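Structural description and commentary
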Amino acid sequence: MTNTAKIATLAGDGEFTAYRATPAGTPKAAIVVIQEIFGVNAGIRRKCDTLAEAGYLAIAPDLFWRLEPGIELDPDIKPEMDRALGLMGQFDQDKGIADIEASIRAARAELGDDAKVGVVGYCLGGRLAFMTAARTDVDASVGYYGVGIDGLLGEKHAIAHPVLLHVPEDDHFVDKDAQAAMHAGLDDHPKVTIYDYAGEDHGFATEFGERRSDASAKLADERTAKFFAENLA
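Structure report, in brief. (Residues numbered from 1 in each chain as written. Predicted model: local features only at pLDDT ≥ 70, side-chain atom pairs only at ≥ 80, totals over all residues. Heavy atoms only, no water.)

Details of the overall build of the protein chain
Test applied: A run of DSSP states H or I qualifies as a helix once it reaches four residues; a run of E qualifies as a strand once it reaches two. Both are numbered from the N-terminal end. Radius of gyration here uses only the C-alpha atoms, and the compact-globule reference equals 2.2 Å multiplied by the residue count raised to the power 0.38. Burial classes follow relative accessibility: with a 1.4 Å probe on protein chains only, a residue under 20% of its type's maximum area counts as buried, one over 50% as exposed, and anything between as partly exposed. Contact criterion: two residues are considered in contact whenever any of their non-hydrogen atoms come within 4.5 Å of each other. Areas reported as accessible are Shrake-Rupley estimates using a 1.4 Å probe. Residue values count occlusion only from the protein chains shown. The positive count covers Lys and Arg only, the negative count covers Asp and Glu only, and His and the chain ends enter neither. A charged residue contributes its charge at one atom only: NZ of Lys, CZ of Arg, CG of Asp or CD of Glu.
Each helix and strand counted, the protein chain has 6 helices and 8 strands in total. The N-to-C order of helical and strand elements in the protein chain reads β-β-β-α-β-α-α-β-α-β-β-α-β-α. Expected size for 233 residues packed as a compact globule is a radius of gyration near 17 Å; at 16 Å, the protein chain falls within 12% of this value. Principal axes of the C-alpha set define a box for the protein chain whose edges measure 40 × 40 × 35 Å. A buried classification covers 53% of the 233 residues belonging to the protein chain. The long-range share in the protein chain, meaning contacts at least 24 apart out of those at least 6 apart in sequence, stands at 66%. Total accessible area on the protein chain stands at roughly 10,100 Å², and carbon and sulfur atoms take up 50% of it. Treating the 23 positive side-chain charges of the protein chain as one cloud and the 39 negative ones as another, the clouds have centres 3 Å apart.

Here it is, written out as structure tokens:
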């Protein structure tokens, strides 16, 4: 079942909407799905639906609500891609992390304080998933093609729970030097696992559109499913 939920901010100064997908039976855990720069669009909603089919409560908060609620953009349409990049420049990432934390708390309030909650993010969401791992008590975090993680390595000491990162080697937003820095900074971290995908570009695991690379997307999603099964049990 799917619906739209309202989640209060941590500061109590407003509320935002979230797409919510629930499994047929009792959820075994919750996963917050963190959007790309294109909003909670059809692809992100499909990610939630798939997680619900696997038995999780899935929640995708509208992180751009302070800019414009309900934004849905298509990366294959150039004017919409350009708009998404502009929104990214206006987005307050620290407030975004606070809204993700509010979503984590809302999931725990629904499922019980002992329930485990993970996050999975894509693009901007991949970066925010890494930040969430360092700044909150989330139980497990997955980031797909996160941008600028090499600039966040100073926060790695705060990561207390497992993190999985999917890194396409030909990502035109994350160059080889940035990828090398990620490996140098994180390969020896006991909580972090990085998988590289040769020949793949940014967005390879999207649900729809021209960016998807089916074989690598399925492999990455299988690894994510195993990771959550092991860490949110």
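What follows continues from the structure just given.
Points about the nonpolar core
Cut-off, in case you're wondering: We call a set of buried residues a nonpolar core when its members are Ala, Val, Leu, Ile, Met, Phe, Trp, Tyr or Cys and they connect through side-chain atoms within 4.5 Å of each other.
Ranked by internal contacts, the top residues of the largest apolar core, which has 74 residues, are Ile100, Val120, Leu128, Leu165 and Phe228. It is helix 4 (residues 124-135) that provides the largest number of residues to this core, a total of 7 residues. The contact partners of Leu128, leaving out residues within four places of it in the chain, are Ile34, Leu63, Phe91, Gln93, Ile97 and Ile100.

A word on empty space enclosed by the protein
The condition that has to hold: A cavity here means a set of 1 Å grid points, computed over protein atoms only, where a 1.4 Å probe fits but cannot escape. A pocket is an open set with protein on both sides within 12 Å along at least 5 of 7 lines, and lining residues have an atom within 4 Å of a point. Grid points are joined across faces, edges and corners, and a volume is the space filled by probe spheres set on the points. In this count, Pro and Cys sit with the nonpolar residues alongside Ala, Val, Leu, Ile, Met, Phe, Trp and Tyr, while Asp, Glu, Lys and Arg are called charged and the others, Gly among them, polar.
Across all of its chains, the model carries 2 cavities of 30 Å³ or more by this definition. Roughly 50 Å³ of internal volume is contained in the largest cavity. Lining the largest cavity are Glu36, Asn41, Gly43, Ile44, Lys47, Tyr122, Tyr145, Ala205, Thr206 and Glu207. Ranked by residue count, the leading element in the lining of the largest cavity is helix 1 (residues 42-53), at 3 residues. In the lining of the largest cavity, the residues fall into 4 nonpolar, 3 polar and 3 charged. Taken as a whole, the second largest cavity holds about 40 Å³ of empty space. In this structure, the second largest cavity is lined by Tyr145, Gly146, Ile149, His166, Val167, Pro168, Asp171, Val174 and Met182. Per-element accounting of the lining of the second largest cavity gives the leading share, 3 residues, to strand 7 (residues 163-168).

Notes on helix 4
Applied cut-off: Here, expected helix span is obtained from the residue count minus one, scaled by 1.5 Å.
Relative to the 16 Å expected for 12 residues at 1.5 Å per residue, helix 4 spans 16 Å between its end C-alpha atoms, a close match to the ideal helical length. Among the residues of helix 4, Leu124, Gly125, Gly126, Arg127, Leu128, Ala129, Phe130, Met131, Thr132, Ala133 and Ala134 are the ones counted as buried.

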